[in-house]
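Each chain is listed here by its residues.
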Amino acid sequence: MHGSDFEDLVNKFMKFPGIGPRQARRFVYFLLAQDRIFRTDFIKTLEGLNAQAKQCSRCAYFFVGGLNQNLLCGRCQSPDTDKSILMIVEKDMDIDNIVKTGTYKGSFFVLGSLKNKTLKRLGLLKKIITKEGQTSQLKEIIIAFSASTDGDQMDHLLKIELKPLALKHNLKLSSLGRGLSTGVELEYSDAETIASALLGRH
């Protein structure tokens, strides 16, 4: 029999992607098995992350930084980022994986998934496309979702939503090539596969 704090922590771990009740309880038991110094340090790390975590006001990517008044991540601030290309992805981890390939130097936008049916960030995305299309910075939009049923639905939905803007501002609207195996998350694809999908975009 466990108290409410134990069960509350189990429930919080269950909110992590891919974590079920059994794994969540294992995490809690692991923390209990550690000494007080470990748990105190763990709490301090979470508090530090909570204090410093920010979400980029342009691309919606989460980052940890110090004093950053304009809330822009390093990539959006960098003059080395190719602002003529904008890649739309589902989650932050997709960006990390794509950047590792070294084949893409453009900007990103984290939209979220179809499961988040409201797609709250779609309005912000359209504003960015309109603004950068008007300044002639943007030339191409790449839709980069996983090769899955949900990913294909997102690709189809975005093409419908963004086609009018693409036509208005003379932008190329493309999708990743199918170098990606069906059913495989972009987050878990290797660098060579992602590079091939980028080169084969259509």
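Residues numbered from 1 in each chain as written. Predicted model: local features only at pLDDT ≥ 70, side-chain atom pairs only at ≥ 80, totals over all residues. Heavy atoms only, no water.

Space inside the largest pocket adds up to approximately 320 Å³. Considering the residues around the largest pocket, the lining is formed by Leu9, Lys12, Phe13, Phe16, Phe42, Leu46, Leu49, Asn50 and Ala53. Of all the secondary structure elements, the ones that give two or more residues to the lining of the largest pocket are α1 (4-13) and α3 (36-52). Counting residues per element, the lining of the largest pocket draws most heavily on α3, at four residues. Looking at the lining of the largest pocket residue by residue, the classes come out as seven nonpolar, one polar and one charged. As for the second largest pocket, its lining consists of Asp5, Phe6, Leu9, Val28, Leu31, Leu32, Arg36, Arg39, Thr40, Phe42, Ile43 and Leu46. Elements with a contribution of two residues or more to the lining of the second largest pocket: α1, α2 (21-33) and α3. Of the residues contributing to the lining of the second largest pocket, the split by class is eight nonpolar, one polar and three charged. (1 Å grid on protein atoms, 1.4 Å probe; cavity = no way out; pocket = protein on both sides within 12 Å on 5 of 7 lines; lining within 4 Å. Points joined across faces, edges and corners; volume = space filled by probe spheres on them. Helix = DSSP H or I, 4+ residues; strand = E, 2+ residues; numbered from the N terminus. Nonpolar A, V, L, I, M, F, W, Y, C, P; charged D, E, K, R; others polar.)

Bringing the sheet that holds strand β3 (residues 82-89) into the picture now. In space, the four strands of this open sheet follow the order β4-β3-β5-β6, with parallel pairing throughout. Two strands lie at the open edges of the sheet, namely β4 (106-110) and β6 (172-175), each paired on one side alone. The mean angle between the axes of side-by-side strands here comes to 25°, regardless of whether they run parallel or antiparallel. Relative to strand β5 (residues 140-143), β3 is paired through four bridges, and the arrangement is parallel. Paired with Ile88 across the strands is Ile143, a residue of β5. Seen against the sheet, helix α6 (residues 122-134) touches β3, β4 and β5 and runs at an angle of roughly 160° to β3. Lying on the sheet, helix α7 (residues 149-168) is in contact with β3, β5 and β6; it crosses β6 at an angle near 170°. (Pairing = 2+ DSSP bridges. Axes fitted to C-alpha atoms, helices over the stretch in contact; angles between N-to-C directions. Contact = heavy atoms within 4.5 Å.)

With that out of the way, let us pick up the state of the cysteines. A full pass over the atoms with the stated rule returns zero disulfides. Here Cys73 stays unpaired: no disulfide links it, and the sulfur of Cys76, its closest cysteine neighbor, is 3.7 Å away. The buried category is assigned to Cys73, whose relative accessible area is 3%. The structure places no disulfide on Cys76, whose sulfur is separated from the nearest cysteine sulfur, that of Cys56, by 3.7 Å. For Cys76, a relative accessible area of 11% puts it in the buried group. (Disulfide = S-S within 2.5 Å. Buried < 20%, exposed > 50% of the residue type's maximum accessible area, 1.4 Å probe, protein only.)

The next point concerns α6. With 13 residues, α6 should cover 18 Å at 1.5 Å per step; its first-to-last C-alpha distance of 18 Å lies within 8% of that length. Buried residues in α6 make contact with β3, β4, β5 and α7. Note on α6: the residue one or two positions beyond its end, Ser136, has a positive phi of about 65°. (Expected span 1.5 Å × (residues − 1).)

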